[in-house]
Amino acid sequence: MKLPPGVSAFLSRRLLDRRDGHRGRVLAALAAARAHDRLDRAALDAARDRALYDLLRHAAARVPRFRGLPVPAQPAEARAVLANWPVMTRADLQREPSAFLDPQAGPTVADATG
């Protein structure tokens, strides 16, 4: 049976995705990455600053090791604020790995390097 054009791709997207929607999220991230390829320097800088702003605010609010550290008031301040955050070392991560995890985050991999 020959399927009409586009139906096979539609079924692949729907049927081959895992129950948690992982494939859809990966495809959305790929589309976003491809869209970044077409941005000018100012738009790339703004996107970078926004992502860093969101990350710093999340870490300061939810990750034990970073709780209470200063956070940027707006995305344009994110890089300056990050410069004042402590540098974490491999020894820090190995000594107390749970201090660097959001306690409400989903499951993690105990050792991803084998």
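Residues numbered from 1 in each chain as written. Predicted model: local features only at pLDDT ≥ 70, side-chain atom pairs only at ≥ 80, totals over all residues. Heavy atoms only, no water.

Asks: I'd like to hear about the side chain of aspartate 49, residue by residue, with values.
Replies: When you line up the elements, aspartate 49 lands in helix α3 (residues 41-62). Only 3.1 Å separates the side chain of aspartate 49 from the side chain of arginine 48, close enough to count as a polar contact. Side chain to side chain, aspartate 49 and arginine 79 meet in a polar contact 3.3 Å long. Setting aside chain neighbours within four positions, we find aspartate 49 in contact with Pro75, Ala76, Ala78 and Arg79. (Helix = DSSP H or I, 4+ residues; strand = E, 2+ residues; numbered from the N terminus. Polar contact = N/O pair within 3.5 Å; in protein donor to acceptor, adjacent residues only side chain to side chain. Contact = heavy atoms within 4.5 Å.)

Asks: Quick rundown of α3? Include the residues and the values.
Replies: An ideal rise of 1.5 Å per residue puts 32 Å on 22 residues; α3 measures up with 31 Å between its terminal C-alpha atoms. Buried within α3 we find Asp49, Leu52, Tyr53, Leu56, Ala59 and Ala60. Each buried residue of α3 sits inside an arc of 140 degrees when the element is viewed along its axis, so together they form one side. Opposite its buried face, α3 presents the exposed residues Leu55 and Ala61, each directed more than 90 degrees away. Looking at the buried side of α3, the elements it contacts are α4 (78-82). (Expected span 1.5 Å × (residues − 1). Buried < 20%, exposed > 50% of the residue type's maximum accessible area, 1.4 Å probe, protein only. Arc of directions from axis to C-beta.)

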